[in-house]
Amino acid sequence: MAVTISTNELKETLDLTPSTQNIMLVGKHGIGKSEILTSYFQSQGMKVVALFLGQMSDPGDIIGLPSKVEAKDANGNVTAQTDFTPPYWFPIDGKPIVLFLDELNRARPEILQTVMDLTLNRKLAGKVLPEGSRVIAAVNDGDEYQLTDLDPALVSRFNIYEFRPTVEEWLNWAVGAGLDDRVINFIQDNPTWLDGDSGDKKRDYQGLDKSADRRAWKKVSDLMKKVDTIKDIHKRVIAGIVGAGAAAAFIRSAQQRNVITGKDLLLKYDKTMKTVEKYQLHEFAILNESVFRFLQNAKLDEREKTLAAKNLGQYIDFLRVNKKKEALANFTSIFEKGTYEQAIVFMVVNATEVYDMLNEFVEKL
């Protein structure tokens, strides 16, 4: 059984693992494996080359095409050898790369044989990858996939982890990436819909069942950014992206009263408080989490920082003065956990009084 790691743990694992060791990530499609790896290594100045092995039909797609090379031996005799022209992705500049072998267990056996030498010796048709290069593979796991059994000798060349990003990590990413608030709010309230059908009954369409995944919710967000009033055609389009069950649940959520987000509260305080004043405890819990998530990921200019700090102080005063003890305790517990480091940094730099007040609350808990 593979060890399960989250997104943050994956980054820490990449930091700790020497480049000479290969990593294999096991997980569903659409959970962001390639995006996270690409972002991580590009931030370190390394080029990431993704090879979708399940789509390759010939070893030449990896090792390049053979060509005849003539040379003279010591006696002046002409000899001929076969050499392979480097494929388009091979680094001829001598700089290390990250080779991401996606869909490893969907590749043809002849493709897997080509990968064997690459994973063990960092060689490809006699050509050696630059020192410091890394090899990372991704495989799908589940009865819904058509998979190829992997040779134990190949498997033994990888450190294997089950990659399972948390819902919280996806929500933080979604805020930072600017996804539509209706999508973010829906997943925050209904996290079971992020990676599947949440018990939705499936119908047999000869393998064409559509279910929700993280990549699909990004597509829904792209669509919703252009939509103010949801019409029947929008419902049908969204169902084609995430499946009928997820689409119906999302539409119901989006058509209900607008949910106040952390962004709304901190940047449009006066317009939102009439709604917030009527909140129940569970609604405050959702709002509090959204406030921290916004401060963790938002890129604010100086004017927005000043406004957000002022409104954050007003919100905390509102909770304290109006005796919303449970809501204030919830906000303080999120602060105490320290999960949202950048949000706390924001308070230290821009909202010192709030930071000091929350520390006092923590001491009293």
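Above this note sits the structure.
First, a word on what this report is: a plain description of the structure on this page. (Residues numbered from 1 in each chain as written. Predicted model: local features only at pLDDT ≥ 70, side-chain atom pairs only at ≥ 80, totals over all residues. Heavy atoms only, no water.)

### Remarks on the packing of aromatic side chains
Keep this limit in mind: Any two rings among Phe, Tyr and Trp, with Trp reduced to its six-membered ring, count as a pair given centres within 6.5 Å; such a pair is stacked if its planes are under 30 degrees apart, edge-to-face if over 60, and tilted if neither. By the criteria applied, helices consist of DSSP H or I runs no shorter than four residues and strands consist of E runs no shorter than two, each listed in order from the N terminus.
Tallied over the entire structure, the rule returns 10 aromatic pairs. On the basis of an interplanar angle of 50° and a centroid distance of 6.0 Å, the ring pair of Trp-170 and Trp-173 is categorised as tilted. You can see Trp-170 and its partner Trp-173 sitting in helix H6 (residues 167–176), three residues apart, about one turn around the helix. The rings of Phe-292, Tyr-315, Phe-331 and Tyr-340 are connected pair by pair, giving a single aromatic cluster.

### Quick word on a positive patch on the surface
Selection criterion: Every patch collects residues that have over 30% relative accessible area and no salt bridge, joining them within 9 Å if they carry like charges and within 5 Å if they are nonpolar side chains (Val, Leu, Ile, Met, Phe, Trp, Tyr). Here the accessible surface of atoms and residues is derived via Shrake-Rupley with a 1.4 Å probe, and residues count as covered only by protein chains that are part of the display. When a carboxyl oxygen of Asp or Glu is within 4 Å of a side-chain nitrogen of Lys or Arg, the pair counts as a salt bridge. Charge convention: Lys and Arg are scored as positive, Asp and Glu as negative, and His as well as the terminal groups of each chain are ignored. Where a charge lies is defined by one atom per residue type, namely NZ (Lys), CZ (Arg), CG (Asp) and CD (Glu). Residue exposure (1.4 Å probe, protein chains only): buried if accessible area is under 20% of the type maximum, exposed if over 50%, otherwise partly exposed.
There is a patch of like positive charges on the surface, built from Lys-225, Lys-263, Lys-268 and Lys-271. Checked against the element boundaries, Lys-225 lands in the loop between helix H8 (214–224) and helix H9 (232–242). The exposure class of Lys-225 is partly exposed, given its relative accessible area of 48%.

### Description of the pairing of strand E10 (residues 158–163)
Note the threshold: For two strands to be treated as a pair, DSSP must find no fewer than two bridges joining them.
Two elements, strand E1 (residues 3–5) and E10, share three bridges in a ladder whose sense is parallel. What sits directly across from Val-3, in E10, is Tyr-161.

### As for helix H2 (residues 33–42)
In plain terms, the rule: Of all possible arcs, the one meant is that of the directions from the helix axis to the C-beta atoms. Whether two residues touch is decided by their heavy atoms; if any such pair falls within 4.5 Å, the residues are in contact.
Those residues of H2 not exposed but buried are Lys-33, Ile-36, Leu-37, Tyr-40 and Phe-41. Projected down its long axis, H2 carries its buried residues within an arc of 115°, all on one side. Residues of H2 that are buried in the fold lie against helix H1 (7–16), strand E2 (22–26), strand E3 (47–52), strand E6 (97–102), strand E9 (134–139) and E10.

### Quick notes on the nonpolar core
Generally speaking, soluble globular proteins have nonpolar side chains that are buried together. The condition that has to hold: By nonpolar core is meant a set of buried Ala, Val, Leu, Ile, Met, Phe, Trp, Tyr and Cys residues that side-chain atoms within 4.5 Å join together.
With 36 residues, the main nonpolar core has Val-276, Leu-295, Leu-312, Tyr-315, Phe-331 and Met-347 as its most contacted residues. Those elements that provide at least two residues to this core are helix H11 (262–267), helix H12 (269–276), helix H13 (281–297), helix H14 (302–321), helix H15 (325–337), helix H16 (341–350) and helix H17 (352–364). Considering each element in turn, this core owes the most residues, seven residues, to H14.

### Digging into a negative patch on the surface
There is a patch of like negative charges on the surface, built from Glu-353, Asp-356, Glu-360 and Glu-363. You can see Glu-363 is positioned in helix H17.

### Re the environment of Lys-123
With respect to the element layout, Lys-123 can be found in strand E7 (residues 123–124). If sequence neighbours within four positions are ignored, Lys-123 has contacts with Asp-117, Leu-118 and Val-128.

### Brief notes about the pairing of E2
It is a general feature of regular strands that their side chains alternate between the two faces of the sheet. Most of E2 is tucked away, with five of its five residues classed as buried. The side-chain alternation of E2 yields two buried faces, one formed by Asn-22, Met-24 and Val-26 and the other by Ile-23 and Leu-25. In this structure, E2 lies alongside E10, joined through five bridges in parallel fashion. Residue pairing for E10: Leu-25 is matched across the bridge by Tyr-161. Of the pairings in the sheet, the one linking E2 to E9 comprises four bridges and is parallel in character. Bridged to Leu-25 within E9 is Ala-138.

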